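Here's the letter readout for the chains.
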Amino acid sequence: MLQLQLPTTGLAGVSQSQSKQCSACTSARSSARALSRHQARRAARTGRGQLQAVAAAKDKKGKLMWEALREAVDEEMEADPNVCVIGEDVGHYGGSYKVTYDLHKKYGDLRLLDTPICENGFMGMGIGAAMTGLRPIIEGMNMGFLLLAYNQISNNAGMLHYTSGGQYKVPIVIRGPGGVGRQLGAEHSQRLESYFQSIPGVQLVACSTVANSKALLKSAIRSDNPIIFFEHVLLYNVKGETQEGYYQPLEKAELVREGGDVTILCYSRMRYVVMQAVQTLEKQGFDPEVIDLISLKPFDLEAITKSIKKTRKCIIVEECMKTGGIGASLSAVINESLFNELDHEVKWAYGYLFPALQCGAAPIKILMEWTCLCQLCFRAQQAFGAPVLHALQ
């Protein structure tokens, strides 16, 4: 009988010195990742103190977005014992941006489960919990970290209902802060909608105001679909009112401003950038209609079609990158479905084409905003056929 003699090494086929090098590399990667998380938590703690100061000084008529999101989680956890929250620091710490602040005192440590730094692990656990009847809310400390759980989101959350022949539902909400922030590195300043929009079976929702953040999150928690819920890191301090007991449809866009000259489609924080640009456009005699998409997948084609048939011109504004972004998909759909309704090609103001750099004074962020405003005004004038003016004098 043929006998094989295995090498006497630390690992199969690897020498002792190579084994030590592998261990050293693994240790270095773990240390680097832990340092990244430490920096994120330090930034979150700094923001946390600022949030507390703002909350203490705010008037009684309004609430901040993080408070509205917290109310949504609290109300749904109280109404349904199957709702739970899973993630890093969601329990005793109260979440990176206070969305689950003090809820562990009311619901206990099992319903607000603090996890190790292992996104693929707790994402898989949440999906399994959803399959067995729970309604987990998975919080990512930052949306960029959820790339580590992309396999679970794609191959499990999005597909299990279909691959099981409808035997399983995955009622899970995956939420967290994203977008270009202040004093955050490139890894923490990303728009990841374009990464997730191609996953079959996953729904994408982006909130933008205090009112719709609460109403949309409550609807998302009650939905039987896996939903990725995008919150912008710079909108947690936005102040506004909420409507008690209201559940906003997840697939419907919001008409922000009615107009007749051009349709401007935007979402998330770009809603505020667009409304700044609209003030300039109004002074120049334009009457734009502004629509907040809300639902990034699927698009509310009914609202979009109605508006474009009225204005016959369209501008898309987004913070996401141009290549493969939400705007790319939306532009393709509009050109395919509404080509004969357009008097001009679809114009497009998009975000950065490079990683957002870390800087305390945030010149990159300001530059991006002004670039977006200039692009928007410039392309509006192009769409109207008017001479190109200096839009932001």
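Above this text you will find the structure in question.
How each quantity is defined
- Residues numbered from 1 in each chain as written.
- Predicted model: local features only at pLDDT ≥ 70, side-chain atom pairs only at ≥ 80, totals over all residues.
- Heavy atoms only, no water.
- Helix = DSSP H or I, 4+ residues; strand = E, 2+ residues; numbered from the N terminus.
- Buried < 20%, exposed > 50% of the residue type's maximum accessible area, 1.4 Å probe, protein only.
- Lys, Arg positive; Asp, Glu negative; His and termini not counted.
- Salt bridge = Lys/Arg side-chain N within 4 Å of Asp/Glu carboxyl O.
- Polar contact = N/O pair within 3.5 Å; in protein donor to acceptor, adjacent residues only side chain to side chain.
- Contact = heavy atoms within 4.5 Å.
- Pairing = 2+ DSSP bridges.
- Axes fitted to C-alpha atoms, helices over the stretch in contact; angles between N-to-C directions.
- Core = buried A, V, L, I, M, F, W, Y, C linked by side-chain atoms within 4.5 Å.

(A) Local environment of the side chain of Glu318. Along the chain, Glu318 falls in the loop between β13 (314-317) and α11 (326-337). Look at Glu318: it is buried, it has no salt bridge, and the nearest opposite charge is Arg191 at 7.8 Å. Polar side-chain contacts of Glu318 include one of 3.0 Å to the backbone nitrogen of Gly327. A polar contact of 3.0 Å, which involves the side chain of Glu318, links it to the side chain of Trp348. When residues no more than four places from it in sequence are discounted, the contact partners of Glu318 are Tyr267, Met270, Gly325, Ile326, Gly327, Ala328, Trp348, Ala349, Tyr350 and Gly351.

(B) Geometry of the sheet that holds strand β6 (residues 203-206). Read across the open sheet, the seven strands follow the order β3-β2-β4-β5-β7-β6-β12; overall the sheet is mixed. Edge positions in the sheet fall to β3 (112-114) and β12 (295-297), since each of these pairs with one other strand and no more. The sheet shows a mean angle of 20° between the axes of neighbouring strands, direction not considered. Pairing of strand β2 (residues 83-87) with β3 involves three bridges; the strand directions are parallel. In the strand pairing of β3, Gly87 is matched with Asp114. Sheet strands touched by helix α2 (residues 65-79): β2, β3, β4 (135-139) and β7 (227-232). Its angle to β2, the strand with the most contacts, is close to 130°.

(C) Quick look at the environment of Gly181. Its place among the elements puts Gly181 in the loop between β5 (173-178) and α7 (193-196). Sequence-wise, Gly181 and Leu234 are 53 residues apart; in three dimensions their C-alpha atoms are separated by 6.1 Å. Aside from chain neighbours lying at most four places away, what touches Gly181 is Ser189, Val233 and Leu234.

(D) Looking closely at the environment of Lys297. Note on placement: Lys297 falls in strand β12. A relative accessible area of 22% places Lys297 in the partly exposed class. A C-alpha to C-alpha distance of 7.2 Å links Lys297 and Val205, two positions 92 residues apart in sequence. Contacts of Lys297, omitting those with residues within four sequence positions, involve Gln197, Ser198, Ile199, Pro200, Gly201, Val202, Gln203 and Leu204. In this structure the side chain of Lys297 is engaged in a polar contact, spanning 3.0 Å, whose partner is the backbone oxygen of Gln197.

(E) Expanded view of the sheet that holds strand β14 (residues 347-349). Strand order in the open sheet made by the five strands is β9-β11-β10-β13-β14, with mixed pairing throughout. Looking at which strands have only one partner, the edges of the open sheet turn out to be β9 (254-257) and β14. Shown here is a sheet whose adjacent strand axes are inclined to one another by a mean of 25°, direction ignored. Where strand β10 (residues 262-266) lies against β13, three bridges are found, and the strand directions are parallel. Residue pairing for β13: Leu265 is matched across the bridge by Ile316. Contacts from helix α10 (residues 301-311) reach β10, β11 (288-292) and β13 within the one sheet, and its direction differs from that of β10 by about 150°. On the sheet, α11 packs against β10, β13 and β14 and is oriented at approximately 165° with respect to β13.

(F) View of the side chain of His232. Assignment of secondary structure puts His232 in strand β7. Looking at His232, its side chain comes within polar contact range of the main-chain nitrogen of Leu234, at 3.1 Å. A distance of 3.1 Å separates a polar atom in the side chain of His232 from a polar atom in the side chain of Glu319. Those residues within four positions of His232 in sequence are excluded, and the remaining contacts are Gly178, Gly179, Val180, Arg191, Ser268, Arg269 and Glu319.

(G) Broad picture of the nonpolar core. If you look at the biggest cluster of nonpolar residues, it comprises 44 residues, and the most contacted ones within it are Ile228, Leu265, Ile304 and Ile334. Mapped onto this core, the elements with two or more residues apiece are α4 (119-131), α5 (150-157), β6, β7, α10, β13 and α11. Sort the elements by how many residues they give to this core and α4 lands first, with four residues. Ignoring anything within four residues of it in the chain, the contact list for Ile228 reads Met143, Ile153, Ile174, Phe196, Val202, Gln203, Leu204 and Val205. Counting residues in each nonpolar core, the second largest holds 35 residues, with Val83, Val205, Leu217 and Val233 among its members.

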